[in-house]
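The primary structure of each chain is shown beneath.
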Amino acid sequence: MGKNTAIQWCDDTVNPTMGCDGCELWMDGNKTCYAGKLHEDKGPFNIGFSSRFEILTYHRGRVAKSAKWSDLRGSDRPNKPWLNGMPRTIFVSDMSDSLSKAVPFEYLWTEVIDNVGSVAGRRHVWMWLTKRPERMAKFARWLDDLGVTWPENLWAGTSITTAKSRSRIRSLVKVPAKVRFLSVEPQLEEIDLEDQLDGIDWVIQGGESGSEARRFDLEWADLMREQCQTAGVAYFMKQVGNDPYENSEPIDIRGRHGGDWDKWPYDRLRLREFPVV
């Protein structure tokens, strides 16, 4: 678990599973996923990780333990003032995709749904992110058949990295969550979300981090911010990445993530909103 995470849009993280089936960021010839890289470094030596990222492992009790963390309503977050006024926000599955096909729905029910919806868990907001929203929607239908309601404090999100991956939105909007969100990170090309935001409440955007980061054009941020504002969707600019460009010219932001907005050259980029719930 990652209590007090550096990720800008949440307070903490929790992983009921570790490892992943793979995606466009983790396949032969292209292994750039930060979670995969951390598994390569730490997995063979740390029992909290999978020995290899491609191997799914289960970690019972993690969500139950994080549900017992203190309520942060009314607390000041000096390093993340945009979170002030929010309950504790917990990112589910930053180091895994717990909707990978090997993970049984029964496990997700008892490990995630039951704990998120418990008396302790309802004090927090849980942000569940997947690159497999079609399986998340199928899981929601499976729960409904059992008479189990999707918890209101469990936000449903999917990751988008390219224009092609926008197709995930069609599956995400079938999840009966009170809040649905897109994590457009790392954004690897221009992505047009016009006419794609029906049923979406929040968009997070970010460039790629690390020494091998690919280019992120600030014009992409301008387009996405404007489209969110037009659609009435909350917008959160997470980071400009390690290789930002403006008008085809590189910008020096002195960092490998580009998440410190004090170093951003333009005020227009400094927007970190949350949906009103």
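Residues numbered from 1 in each chain as written. Predicted model: local features only at pLDDT ≥ 70, side-chain atom pairs only at ≥ 80, totals over all residues. Heavy atoms only, no water.

**Concerning the side chain of serine 165**
For step 1, the next point in the chain: Among the structural elements, serine 165 can be located in the loop between β8 (154–159) and α5 (168–172).
For step 2, the next point in the chain: Within the structure, serine 165 has its side chain in polar contact with the backbone oxygen of threonine 162 (distance 2.8 Å).
For step 3, the next point in the chain: Beyond its immediate chain neighbours, meaning those up to four positions away, serine 165 contacts Glu24 and Ile160. (Helix = DSSP H or I, 4+ residues; strand = E, 2+ residues; numbered from the N terminus. Polar contact = N/O pair within 3.5 Å; in protein donor to acceptor, adjacent residues only side chain to side chain. Contact = heavy atoms within 4.5 Å.)

**Description of helix α1 (residues 34–42)**
For step 1, the next point in the chain: Three or more residues of α1 are buried, namely Ala35, Gly36 and His39. All buried residues of α1 lie within an arc of 100 degrees about the axis, which places them on one face of the element. In α1, the exposed residues that point more than 90 degrees away from the buried face are Glu40 and Asp41. (Buried < 20%, exposed > 50% of the residue type's maximum accessible area, 1.4 Å probe, protein only. Arc of directions from axis to C-beta.)

**Quick notes on a positive patch on the surface**
For step 1, the next point in the chain: Together, Lys138, Arg141, Arg170 and Lys174 give the surface a local cluster of positive charge.
For step 2, the next point in the chain: Looking at the secondary structure, you find lysine 174 in the loop between α5 and β9 (180–184). (Patch = residues over 30% accessible without salt bridge, like charges linked within 9 Å, V, L, I, M, F, W, Y side chains within 5 Å. Areas by Shrake-Rupley, 256 points an atom, 1.4 Å probe, with all protein chains shown as cover. Salt bridge = Lys/Arg side-chain N within 4 Å of Asp/Glu carboxyl O. Lys, Arg positive; Asp, Glu negative; His and termini not counted. Charge placed at Lys NZ, Arg CZ, Asp CG, Glu CD.)

**Concerning the pattern of salt bridges**
For step 1, the next point in the chain: Here the structure, examined in full by the defined rule, presents 15 salt bridges.
For step 2, the next point in the chain: Here arginine 77 makes a salt bridge to aspartate 11, at a shortest N to O gap of 2.9 Å. With a gap of 66 residues between them, arginine 77 in the loop between α2 (62–67) and β6 (89–92) and aspartate 11 in the segment before β1 (12–14) connect regions that are remote in the sequence. Each member of the pair, arginine 77 as well as aspartate 11, is classed as buried.
For step 3, the next point in the chain: Glutamate 152 is the partner of lysine 178 in a salt bridge, and the nearest nitrogen-oxygen pair spans 3.8 Å. One end of the pair, lysine 178, is in the loop between α5 and β9; the other, glutamate 152, is in the loop between α4 (133–145) and β8, with 26 residues separating them in the sequence.
For step 4, the next point in the chain: Residue class for glutamate 152 comes out exposed when judged on its relative accessible area of 57%.

**Brief notes about unusual backbone geometry**
For step 1, the next point in the chain: With an omega dihedral of -10 degrees, the bond running from glutamate 185 to proline 186 counts as a cis peptide bond.
For step 2, the next point in the chain: Even without being a glycine, asparagine 4 presents a positive backbone phi close to 60 degrees.
For step 3, the next point in the chain: Summarising the element assignment, asparagine 4 is placed in the segment before β1.
For step 4, the next point in the chain: In the Ramachandran plot, asparagine 247 falls in the positive-phi region, its phi being about 55 degrees despite a non-glycine side chain.

**Some points on the environment of glutamate 134**
For step 1, the next point in the chain: Of note, glutamate 134 is situated in helix α4.
For step 2, the next point in the chain: For glutamate 134, a relative accessible area of 43% puts it in the partly exposed group.
For step 3, the next point in the chain: Separated by 39 residues in sequence, glutamate 134 and valine 173 have C-alpha atoms that sit 9.6 Å apart.

**Quick look at the packing of aromatic side chains**
For step 1, the next point in the chain: Using the criterion set out here, one finds 20 aromatic pairs in the structure.
For step 2, the next point in the chain: Ring centres 4.5 Å apart and planes at 35 degrees place the aromatic pair tryptophan 9 and phenylalanine 91 in the tilted group. Here tryptophan 9, found in the segment before β1, pairs with phenylalanine 91, found in strand β6; they are 82 residues apart in sequence, far enough to count as distant. As far as the burial class goes, tryptophan 9 and phenylalanine 91 line up, both buried. (Phe/Tyr/Trp six-rings, centres within 6.5 Å; stacked < 30°, edge-to-face > 60°.)

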